[in-house]
Amino acid sequence: MKILTAPSLFAANLLEIGAQVKRACDSGADILHFDIMDGVYVPNISIGFDVLKAVRSCTDLPIDAHMMTVCPEKYFERLAEYGADIVTVHSDIADTEKVRFMLTDIHSYGMMAAVALKPGVPAQEVFPFLDLADMVLVMTVEPGFSGQAFMDMTEKIQKIKQQIGKEAVTIAVDGGITPKTAEMCAAAGANLFVVGSAAFGAPSMQAVLGDIRAAAQRAYQG
C-alpha cells in the first residue's frame, strides 16, 4: 500500500494557520490531520469547526477530522459542510451497534469513515467495524495532548493487519511518530503516519516527512 503522511495541525502555530497549512502542503503532505476535542472524552479542548472551514479554503489536500468527542454524530453534517474528507471516531464511545451506525452515517454524507483505538483498547475491539471502515487509526499516545512519547503498539497493529488481510483498509498511527517509530509501525503493517511535533517543530518539515516515508519503505522492503 502507498505510504502516506499526515501532519497534525494540533501541533501547528495557530496564529499562522494559513501559513502552516501551506507549509504542510509544500512539504509533500498527503493528508491534513485535524483534531477536534470536547474536553469530555479527552481532558483538553482543541480547534473547532470554523478553523476547519478556514483550512478547507486554503488547501485541496484531504482533511481527516479526528473526533475525540463523546457525541461525534452530532457534527457529521457540519463536518461535511465545512470540508472534512475523512471522519475518525473512537471505538469506545458507544456500543458496537451505535458505532456501526455512525460509520454508515459518515458515508451517507460522502465522507470516508475511520475508527480509532486508544492505547488501552485491544485490537479485537475494532474487528466488528472493519467491513465499514476505510481506515483504522491506532493511537500510539494517549489522545488529547501533543508532544507525548511513543508507545509501542506494533503487536496491536499486527493483529489488525492480520484481520484485515488483503482488504483495502488503511492502518494509520498517531503519536510520537519519527522515522524510527514509523519504521517499527510500518513493519507491523501501518502505512499512514500522523506527524505532529516532529513535523511542525522541525526546521524542514519536508525533510522529516521524507525521512518517515523512507523509513517506512525500508520496513516494507525488509
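Look up: the structure comes first, before these words.
Right, let's walk through the structure included here. (Residues numbered from 1 in each chain as written. Predicted model: local features only at pLDDT ≥ 70, side-chain atom pairs only at ≥ 80, totals over all residues. Heavy atoms only, no water.)

1. Quick word on the pattern of salt bridges
- Within the structure shown, the criterion is met by eight salt bridges.
- Two residues, Lys22 and Asp26, come together in a salt bridge whose shortest N-O distance is 2.6 Å. Note that Lys22 and Asp26 are positioned in helix H1 (residues 17-26) at a spacing of four residues, about one turn of the helix.
- Residue Lys22 is classed as exposed on the basis of its relative accessible area, which comes to 52%.
- The partner of Arg56 in a salt bridge is Asp85, and the shortest N-O contact between them spans 2.8 Å. Of the two residues, Arg56 sits in helix H2 (residues 49-57) while Asp85 sits in the loop between helix H3 (76-82) and strand S4 (86-90), which places them 29 residues apart along the sequence. (Salt bridge = Lys/Arg side-chain N within 4 Å of Asp/Glu carboxyl O. Helix = DSSP H or I, 4+ residues; strand = E, 2+ residues; numbered from the N terminus. Buried < 20%, exposed > 50% of the residue type's maximum accessible area, 1.4 Å probe, protein only.)

2. Description of the pairing of S4
- Extensive coverage of S4 is indicated by the burial of five of its five residues.
- Across the two faces of S4 the burial is the same, with Ile86, Thr88 and His90 and Val87 and Val89 all buried.
- Relative to S4, strand S3 (residues 63-68) is paired through four bridges, and the arrangement is parallel. Along S4, the bridge assignment pairs Met67 with Val89.
- Note on the crossover from S3 through H3 to S4: the handedness is right-handed.
- Where S4 and strand S5 (residues 112-117) come together, five bridges link them in parallel fashion. Note on S5: the bridge partner recorded for Thr88 is Ala114. (Pairing = 2+ DSSP bridges. Right-handed = clockwise from strand over helix to strand, strands pointing away.)

3. Here's the deal with the nonpolar core
- Among the nonpolar cores identified, the biggest contains 70 residues, and Leu79, Val87, Ile160 and Phe193 are the most heavily contacted of them.
- In terms of residues, this core owes the most to one element, helix H8 (residues 205-221), which gives six residues.
- Discounting chain neighbours no more than four positions away, the residues touching Val87 are Asp64, Ala65, Met67, Phe76, Leu79, Ile106, Met111, Met112, Ala113 and Ala114.
- Residues Leu4, Ile86, Ala172 and Val194 belong to the second largest nonpolar core, which totals 13 residues. (Core = buried A, V, L, I, M, F, W, Y, C linked by side-chain atoms within 4.5 Å. Contact = heavy atoms within 4.5 Å.)

4. Observations regarding the pairing of strand S6 (residues 135-139)
- Buried residues dominate S6, accounting for five of its five residues.
- As judged from the four bridges shared by S5 and S6, these two strands associate in the parallel manner. Directly across from Ala116, in S6, lies its bridge partner Leu137.
- Where S6 and strand S7 (residues 170-174) come together, five bridges link them in parallel fashion. Bridged to Leu137 within S7 is Ala172.
- Handedness of the crossover joining S6 and S7 through helix H5 (residues 154-164) is recorded here as right-handed.

5. Considerations on helix H6 (residues 179-188)
- What H6 keeps buried is the set Thr181, Ala182, Cys185, Ala186 and Ala188. Down the axis of H6, the buried side of the element spans an arc of 155°, and every buried residue falls inside it. Summarising the geometry of H6, the exposed residues directed more than 90 degrees from the buried face are Lys180 and Ala187.
- At its buried positions, H6 is contacted by H5, S7, strand S8 (192-195) and H8.
- Two residues or fewer past H6, Gly189 is found with a positive phi of approximately 130°. (Arc of directions from axis to C-beta.)

6. Structural notes on the side chain of His66
- Relative to the elements of secondary structure, His66 occurs in strand S3.
- Overall, the relative accessible area of 0% leaves His66 in the buried class.
- His66 has contacts with His33, Phe34, Asp35, Ile36, Thr88, His90, Ala116, Leu137, Met139 and Asp174, leaving out every residue within four places of it along the chain.

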